[in-house]
Structure formats: C-alpha cells, structure tokens
Amino acid sequence: MSSHFEKAQTYIPGGVNSPVRSMKILDMEPVFIQKGSGPRFYDTGGKEYIDYMGSWGPLILGHSHPQVVEALQEAVKDGLSFGTPTQKETTLARMVIEAVPGVEMVRMVNSGTEAVMSTLRLARGYTGRDKILKFVGCYHGHFDALLIKAGSGVATLGLPNSPGVTEGTAKDTLTSPFNSLKAVEDIFDQFGEQIAAVILEPVPGNVGVIPPLPGYLEGLRRIASDNGSLLIFDEVMTGFRLSYGGAQERFQVTPDLTCLGKVLGGGMPVAAFGGRREIMEMLAPQGPVYQAGTLAGNPLAMTAGIETLNVLQEPGTYRELEETSQRLEKGLQEAAQEAGVEVQVNRVGSMFSVFFNSARVTDLETIHQSNKEQFKEFYRSLLEDGIYLSPSPFEASFVSLAHGKEEIDHTIQASRRAFARAAGIG
Ligand code: KE4
C-alpha cells in the first residue's frame, strides 16, 4: 500500500473524501494526483496520464485553462469571500439564464447535492405534494430522499440503499426503470395527484452513459404536465456539457426546474438550481421556501464559472468536442473489434462509457449483464499505459476541449492492448 494512501486512511474514512475515488470496485489503490495541465494530470511519482475523468465532469476545458487561472489569480487579490451580494453572482446568473432554455431565475449553491436537495424542497413547496418519482440508477447526490436505488458510488460499491435513510423518507420516493414510459404511466395512475415532481438525469451518466430512447423525454414532459407534477432535469453532469444549453437544448425538451453543477464552476465548487419564475419566487427571502448557504455564490467560484462559460461560448467549441468524441468512439469500437471483444461504447456528446456487453445497453438491467471483470482488466491496462478513465464501470468518462489528435490517437493505441487483455479473460 502506498504511504499516501496508508496515511490518508489513518485520518479519512476509506482514505478518500468521496467514495468513488477509492477505486475499490477495481481492487486497486487510488492514484494520488499532484497537478494537472490541459488534457493531462500527473501523480505524486510524476507519472503522466491523459485524463478522461476531468474531476468527474467539471473540466470541460481541461486542467488549468490559462483564461480561468489568470482570472482567479486576479480575483483572489480582492479577497476570498464576503458573505454579501457581489456583482459576479449576478453576472453568472444572467449567463445561466441566457444559456439554459428552462431557467428564468437561478440560485447558486456549492454542490450538486445541494442543488437537487433544494430543488425537491421547492417543488414540494410549490405543488403542496409530497411524493417524488426518480429513476433506478440515476444519481442525484447523497441526500436522503434520493439515495434510493441510486447510481454512481452507490451502484459502484453495491450499496442497495444507504443505512440512515428512514422509512419515513423512503416512502415518499417512488422509483421507475429508466427508458420505460409505460412504467411511469402506471405509477402516475396509482399516485398521480401525490407526485410533486419527476426528477431524472436527462442522459444518465451515473451508471455509465444511457442515452434516452427517442420520444422518452418528450413523454415524461407530457405525463408530468398532464398530472400537475413538475419535471426536473438534473443537469449537474449534462449542463453545459451536451450543449451550451445542456440536454434540454440538445433534446428540445424544457423542464420546469433544472439543477446544474460541475462544468458551471469549471472545477471550483459551483452548482445552481433554476426554473420558471413563478416557482423560483417561492424561495426565501422572496417566498416561504427556505434555502441558504454560507459560501453560495462565492466570488472566486463565480470567477471560475464566468470564465469557463466565456470560453464555452466561443463559436465551434461544441462542434470540436463532438468531432473529437466521435473519433475516440470510432477508434475504441474498431480496437475492440480487432481484439474480438464485444463492447458497447455508449456516448452522448463528450460523455461516454464502455460496457463489455454484446447487447445494447439501455437500462440498469442490461448494465448489470455487462462483464465487470473484463472492464477491470481493460481499465488496469489503460492505466498502466497512462490513460485515466473514470474508475468504475458505473460512471461516465469525458472528453475535454484540451484533448487533441495526439491524445486520441495515443488512447486508441493503448486501448488495443487493453481490449486484448480483456478478451483474454472473457
Ligand atoms: P455533488 O454533490 O457531488 O457536487 O453532485 C451530486 C450529483 C448530482 N447530480 C448528478 C447528475 C451527478 O452526477 C452528481 C455527482 N456525480 C458524481 C459522479 N458521477 C460525483 C463524483 C463523486 O461522488 O465523487
């Protein structure tokens, strides 16, 4: 065991501040990273990796983008936090509203968990209803109401649901398989008037990537509207990732409320929730629904978010991301075919995952039929060759604007050996 990990485990449960960093599912010790630059980061021993995790999604510009770093270096001279309103919060709020179709007003928070937790409280306060419908495998952060049949670390570590979530809480959370409108209609037939909101990742990325089937998002929009329930898109991962307006712009389906995070802060702790004005105006101090946060809208975090969106607004950024991601997807598929191993590369925009499965992966059932041992062997081989994917078969990996031809070619080359290794244990 590395001394870093040994020391970390002395002071921090599991040696990590977030379970999915542990690499436990891969029977490996976590890599301790020292620094990052562009598409790469470097561990404490100086080993270089091409990074496709991007801090679990935020680093769509790659590590230490000069425009973001310079803006932060200037901003930090003015102070770290004031606990008062600042103009930067208004600036980033305006940028979000101009970008995201369903957002007329927005409130900044510090994490995706906070954004989703606050959105559910707002939805319940606005509708006067108690029940929430979520989808099996979607992960929305670690607060009680949605740690039910969740994805990400819960799926990675095989935790059915978390101890500490009370029966009282769980009874108000309904669950449905993803990509089945019939299942949702049946639930609404039974609980319709009690359901405050339907919440989903419009493109689930927390069990690996699952593209929504054609018409699915439109169907959820219709069912929620027909029953007086709110539709909530948790775009913490897809926001500013799948297009500048997120999944709701890419798929042209507008939710009533939207949660954002990750890319919005460019690596600094920024998340947000927003939506229709008459709903958002229910929030204190304007309305009765309480929500608050000491460092919400922190000026340094706002600075990083503003500069990240300034770069993303430049013409051609999403076309470039799409082209690079397409090349990677094609190269991985060809490499797997050459190795004679059956894989599904599920990709939407610049988020992707690799399943060792001969069948199309469209829901949690098909995900669990994928070969996890082959994924483990594939992952280890790539890591040895300096390619760092998100360390779990139940996570998404990400292409950034910093990944160029050299990085993609190197990755495809390394994947040939990795797929051959996986084929060997198939
Ligand atoms: P945070 O509280 O971790 O900032 O956001 C929670 C969250 C909410 N919604 C979606 C769609 C998310 O993907 C997340 C967080 N994602 C995980 C990994 N997929 C974060 C990594 C971690 O837990 O360390």
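Remember, it's a predicted structure, so these values are computed and weren't measured experimentally. (Residues numbered from 1 in each chain as written. Predicted model: local features only at pLDDT ≥ 70, side-chain atom pairs only at ≥ 80, totals over all residues. Heavy atoms only, no water.)

## Observations regarding the overall build of the protein chain
Our working rule: The helix count covers DSSP runs of H or I at least four residues long, the strand count covers runs of E at least two residues long, and both are numbered beginning at the N terminus. Both definitions apply: the radius of gyration is a C-alpha atom measure, and the globule rule equals 2.2 Å times residues to the power 0.38. Residue exposure (1.4 Å probe, protein chains only): buried if accessible area is under 20% of the type maximum, exposed if over 50%, otherwise partly exposed. Throughout, a contact is declared for two residues whenever any of their heavy atoms are within 4.5 Å. For the accessible areas, the method is Shrake-Rupley and the probe is 1.4 Å, while residue cover comes only from the protein chains on display.
In terms of regular secondary structure, the protein chain is built from 15 helices and 14 strands. Here the C-alpha radius of gyration of the protein chain, 21 Å, is about what a compact globule of 426 residues would show, namely 22 Å. Burial analysis of the protein chain (426 residues in total) assigns 57% to the buried set. Considering only residue pairs separated by 6 or more positions, the protein chain has 72% of its internal contacts joining residues 24 or more positions apart. Taken as a whole, the protein chain presents about 17500 Å² of accessible surface, with 51% of it coming from carbon and sulfur.

## Re the nonpolar core
Going by this rule: Among buried residues, the Ala, Val, Leu, Ile, Met, Phe, Trp, Tyr and Cys ones that are joined through side-chain atoms within 4.5 Å form a nonpolar core. Throughout, the edges of the domains are those of an automatic or database domain assignment.
One finds Phe135, Phe240, Leu312, Phe378 and Phe419 to be the most contacted residues of the largest nonpolar core, which totals 92 residues. Domain assignment of the residues forming this core places at least three in each of domain 1 (31-64 + 316-423) and domain 2 (66-312). In this structure, Ala115, Ala145, Ile232 and Leu257 belong to the second largest nonpolar core, which totals 24 residues.

## Some remarks on the packing of helix 14 (residues 372-384) against helix 15 (residues 405-424)
For clarity, the threshold we go by: Angles run from 0 to 180 degrees between N-to-C directions of axes, and those axes are lines fitted to C-alpha atoms, restricted for helices to the stretch in contact. Note on convention: near helix rotated counterclockwise from far helix by under a right angle means a left-handed crossing. Clockwise means right-handed. Residues are grouped as follows: nonpolar covers Ala, Val, Leu, Ile, Met, Phe, Trp, Tyr, Cys and Pro; charged covers Asp, Glu, Lys and Arg; every other residue, Gly included, is treated as polar.
Direction vectors running N to C along helix 14 and helix 15 enclose 145 degrees, while the axes themselves pass 8 Å from each other. Judged by the twist between their axes, the crossing of helix 14 over helix 15 is right-handed. Here helix 14 contributes Gln374, Glu377, Phe378, Arg380, Ser381, Leu382 and Glu384 to the contact with helix 15, which in turn contributes Ala414, Ser415, Arg417, Ala418, Phe419, Arg421, Ala422 and Ala423. Here the contact of helix 14 with helix 15 is built from residues that sort into seven nonpolar, three polar and five charged.

## Concerning the domain arrangement of the protein chain
Test applied: In this description, buried area is defined as the sum, over both parts, of the accessible area (probe of 1.4 Å) that is lost when the two are combined. Within 3.5 Å is the distance limit for a polar contact, defined as a pair of N or O atoms, with the added protein rule that one can donate a hydrogen and the other accept it, and that residues adjacent in sequence qualify only through two side-chain atoms.
Per the domain assignment, the segments making up the protein chain are domain 1 (31-64 + 316-423) and domain 2 (66-312). Relative placement of domain 1 and domain 2: their C-alpha centres are 26 Å apart. Each side of the interface is counted separately: domain 1 has 32 residues, and domain 2 has 37 residues. Carbon and sulfur atoms make up 66% of the area that domain 1 and domain 2 hide from each other, which totals about 2700 Å². For the pair domain 1 and domain 2, the interface holds eleven residue pairs in polar contact (both at pLDDT 80 or more). Sorting the residues of the side of domain 1 that touches domain 2 by element identifies helix 12 (317-339), strand 11 (344-348), strand 12 (351-355) and helix 13 (364-368) as the ones contributing at least two each. For the side of domain 1 that touches domain 2, the element with the most residues is strand 12, which contributes four residues.

## Describing the site of the ligand
Rules: Only a single heavy atom is needed: when it lies within 4 Å of a molecule or strand, its residue is near that molecule or strand.
Around the ligand sit 17 residues, and of these Ser18, Thr113, Asn206, Asp234 and Glu395 come closest. Contact distances for the ligand include 2.6 Å between an oxygen atom and a side-chain N or O atom of Thr113. Glu395 is positioned such that a nitrogen or oxygen atom in its side chain is 2.8 Å from a nitrogen atom of the ligand. Contact with the protein chains covers 87% of the free accessible surface of the ligand, which is 540 Å². Of the residues belonging to the shell around the ligand, the class tally is five nonpolar, eight polar and four charged.

## Description of the sheet that holds strand 13 (residues 387-388)
Put simply, the rule is: Pairing between strands is defined by DSSP: at least two bridges between the two strands are required.
Taken together, four strands build an open sheet; the order of strands is 1-2-3-13 and the sheet is mixed. Strands with a single pairing partner mark the edges of an open sheet, and in this sheet they are strand 1 (33-37) and strand 13. Pairing of strand 3 (residues 48-51) with strand 13, which is carried by two bridges, proceeds in the parallel orientation. Bridge pairing links Asp51 to Tyr388 in strand 13.

## Brief notes about the environment of Leu231
Within the secondary structure layout, Leu231 lies in strand 8 (residues 230-235). Considering only alpha carbons, one finds Leu231 and Leu257, 26 residues apart in sequence, at a separation of 6.6 Å. Residues within four places of Leu231 in sequence aside, it is in contact with Val198, Leu200, Leu220, Arg221, Ala224, Val253, Pro255, Asp256 and Leu257.

## A few points about the sheet that holds strand 4 (residues 105-109)
Within a sheet, neighbouring strands are paired by backbone hydrogen bonds and run either parallel or antiparallel to one another. Pairing within the open sheet is mixed, and its seven strands lie in the order 4-10-9-8-7-5-6. Edge positions in the open sheet fall to strand 4 and strand 6 (173-176), since each of these has one partner strand only. In this sheet, adjacent strand axes meet at a mean angle of 20 degrees when their direction is disregarded. Strand direction decides the pairing type here: strand 9 (residues 257-260) and strand 10 (residues 271-275), joined by four bridges, are antiparallel. Each residue of the ladder has a partner; that of Leu260, found in strand 10, is Ala272.

## What to know about the packing of aromatic side chains
The criterion, for reference: Working definition: a ring pair exists when centres of Phe, Tyr or Trp rings (six-membered ring for Trp) sit within 6.5 Å. Plane angles under 30 degrees give stacked, over 60 give edge-to-face, the rest tilted.
Under the criterion given, the structure shown has 15 aromatic pairs. Measuring from centroid to centroid gives 6.5 Å for Phe5 and Phe32, while their planes differ by 65 degrees, and the two rings are edge-to-face. Highlighted residues: Phe5 in helix 1 (residues 3-11) and Phe32 in the loop between helix 1 and strand 1, separated in sequence by 27 residues. Both rings, one in Phe41 and one in Tyr388, keep their centres 5.0 Å apart while their planes meet at 85 degrees; by these two values the pair is edge-to-face. Here Phe41, found in strand 2 (residues 40-43), pairs with Tyr388, found in strand 13; they are 347 residues apart in sequence, far enough to count as distant. Ring pairing ties together the aromatic residues Phe41, Tyr49, Phe356, Phe375, Phe378, Tyr379, Tyr388 and Phe419, which thus form one cluster.

## Comments concerning the side chain of Asn206
Along the chain, Asn206 falls in the loop between strand 7 (195-200) and helix 8 (216-226). Using a relative accessible area of 7% as the deciding quantity, one classes Asn206 as buried. When sequence neighbours within four positions are dropped, the list of residues in contact with Asn206 reads Gly137, Tyr139, Gly151, Ser152, Glu201, Met237, Phe394 and Glu395.

## Overview of the pairing of strand 10
Counting buried residues in strand 10 gives five out of five residues, a clear majority hidden from the surface. Across the two faces of strand 10 the burial is the same, with Ala271, Phe273 and Gly275 and Ala272 and Gly274 all buried. Bridge count between strand 4 and strand 10: five bridges; the pairing is antiparallel. Its bridge partner being in strand 10, Val106 is matched across the sheet by Gly274.

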